[in-house]
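Here is how the chains run, residue by residue.
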Amino acid sequence: MAFTTSPALTVGFDLDMTLIDSRPGIRACYRALSERTGTYVDADLAVTRLGPPLAQELIHWFPAGEVEAVAELYREMYPTIAIAATPALTGAREAIAAVREAGGRAIVVTAKYEPNAKLHLAHLGIEPDAVIGDLWAEQKAQALREHDAGVYVGDHVGDVRGARAAGALSVAVATGPCPPAELRAAGADVVLTDLTEFPRWLSDYRPARA
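Residues numbered from 1 in each chain as written. Predicted model: local features only at pLDDT ≥ 70, side-chain atom pairs only at ≥ 80, totals over all residues. Heavy atoms only, no water.

Colleague: Is there a simple way to think about the side chain of Asp-155 in this case?
Modeller: By the element assignment, Asp-155 lies in the loop between strand S4 (149-154) and helix H8 (157-166). Buried Asp-155, no salt bridge; nearest opposite-charge side chain is Lys-140, N-O distance 6.9 Å. Among the polar contacts listed, one links the side chain of Asp-155 to the side chain of Thr-18, at a separation of 2.8 Å. Residues within four places of Asp-155 in sequence aside, it is in contact with Asp-14, Asp-16, Met-17, Thr-18, Val-173, Thr-175, Gly-176, Pro-177, Cys-178 and Leu-183. (Helix = DSSP H or I, 4+ residues; strand = E, 2+ residues; numbered from the N terminus. Buried < 20%, exposed > 50% of the residue type's maximum accessible area, 1.4 Å probe, protein only. Lys, Arg positive; Asp, Glu negative; His and termini not counted. Salt bridge = Lys/Arg side-chain N within 4 Å of Asp/Glu carboxyl O. Polar contact = N/O pair within 3.5 Å; in protein donor to acceptor, adjacent residues only side chain to side chain. Contact = heavy atoms within 4.5 Å.)

Now the structure itself:
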C-alpha cells in the first residue's frame, strides 16, 4: 500500500532492543570495561535495563566524578567489542522496508552515542533515511518533530514518552525491558509482540492528516 496523502509518513525507530539485540555486545563491552578500570560492573544486570543513557548505568558502578571519563572510555572501546557481536532483531529489516514500500521515510532516534549507532546499522546493512543519537525519552521529541515523524516505534517507556511529547503515535514492541502492561500504562497507542507484526500493522494504518 502506498500512502496517497502528503507529506509522506515518517516513522521513527528506537535502536537498542527495538531494531537490534544489543545485549551481547554491551555485555562484552561492560566486561572489558571492568577489566580495564578494575571496577566491577555486573554486565548481566546492566543489559536487563537497556534504554536510558549510558551515564545512568555507569553511576551505579563508578563515583559521579568519574562517570564522564569512564563513559568516554566505554564509547572508545565499543566499536571493536560490541558492533560485530550485535545482531538485528527479527523483523527489523522488514519493518524498515515496509515503511519504504508504503512511500514513507524511516529514521532512527536513539539514546546511543550517534557514531556507534551508525556503525551498528552499517554493519547490519540497515539503511534508514536519518540517524539521530544522544537523545533519551522526551528529548527524542525534538528530532521526531524536526523530521515530522507521525509514528515512533520503541521498546521502552521512555520511547513512549518521547513519542507523546512529539505528538506522534506511540507503537511499542515488547522486545526490551518493559513488558506490554507497562508500555500500555505509559500511554503506548499500540503494543506489538515484536517487529514481525509491524508491516501488517502499518498496512492497515491510515494516518490522520489535517
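Colleague: Mind showing me how you'd approach the packing of helix H1 (residues 23-37) against helix H4 (residues 67-82) here?
Modeller: Interhelical geometry of H1 versus H4 gives an angle of 125° and a closest axis separation of 9 Å. Classified by the interaxial angle, the pair formed by H1 and H4 is oblique. Relative to H4, H1 is oriented so that their crossing is right-handed. Mapping the contact onto sequence places Gly-25, Ile-26, Ala-28, Cys-29, Tyr-30, Ala-32, Leu-33, Arg-36 and Thr-37 in H1 and Val-70, Leu-73, Tyr-74, Met-77, Tyr-78, Ile-81 and Ala-82 in H4. Here the contact of H1 with H4 is composed, by residue class, of 13 nonpolar, two polar and one charged. (Axes fitted to C-alpha atoms, helices over the stretch in contact; angles between N-to-C directions. Parallel < 35°, antiparallel > 145°, perpendicular 65-115°, else oblique. Left-handed = near helix turned anticlockwise from the far one by under 90°. Nonpolar A, V, L, I, M, F, W, Y, C, P; charged D, E, K, R; others polar.)

Colleague: Explanation requested: unusual backbone geometry in the structure shown.
Modeller: Excluding glycine, residues mostly have negative phi values, and the peptide bonds linking residues are mostly trans. Phi is positive for Met-17, close to 65°, though the residue is something other than glycine. In this fold, Met-17 is placed in the loop between strand S1 (10-13) and H1. Within the chain, Ala-137 stands out as a residue other than glycine whose phi angle is a positive 55°. Relative to the assigned elements, Ala-137 resides in the loop between strand S3 (130-132) and helix H7 (140-146). In this structure Ala-137 comes out as buried when scored by relative accessible area, which is 1%.

Colleague: Mind showing me how you'd approach the pairing of S4 here?
Modeller: Side-chain direction in a regular strand flips from residue to residue, so the side chains alternate between the two faces of the sheet. Taking burial as the measure, the six residues of S4 include five buried ones, the bulk of the element. Where S4 and strand S5 (residues 169-173) come together, four bridges link them in parallel fashion. By the bridge assignment, Val-151 is partnered in S5 with Leu-169. Handedness of the crossover is the feature at issue here: the chain leaves S4, passes through H8, returns alongside S5, and the resulting connection is right-handed. (Pairing = 2+ DSSP bridges. Right-handed = clockwise from strand over helix to strand, strands pointing away.)

Colleague: Sorry if this is basic, but what is going on with the sheet that holds S4 here?
Modeller: In any sheet, the strands associate via hydrogen bonds between backbone groups, in a parallel or an antiparallel arrangement. The six strands lie next to each other as S3-S2-S1-S4-S5-S6, forming an open sheet whose pairing is parallel. Each end of this open sheet is capped by a strand with a single partner; those strands are S3 and strand S6 (190-192). Direction aside, the axes of adjacent strands within the sheet are offset by 20° on average. Bridging between strand S2 (residues 105-109) and S3 involves three bridges; their strand directions are parallel. In the sheet register, Val-109 faces S3, and the bridge partner there is Ile-132. Its contacts with the sheet place helix H6 (residues 114-124) against S2 and S3, and it is angled at close to 140° to S3.

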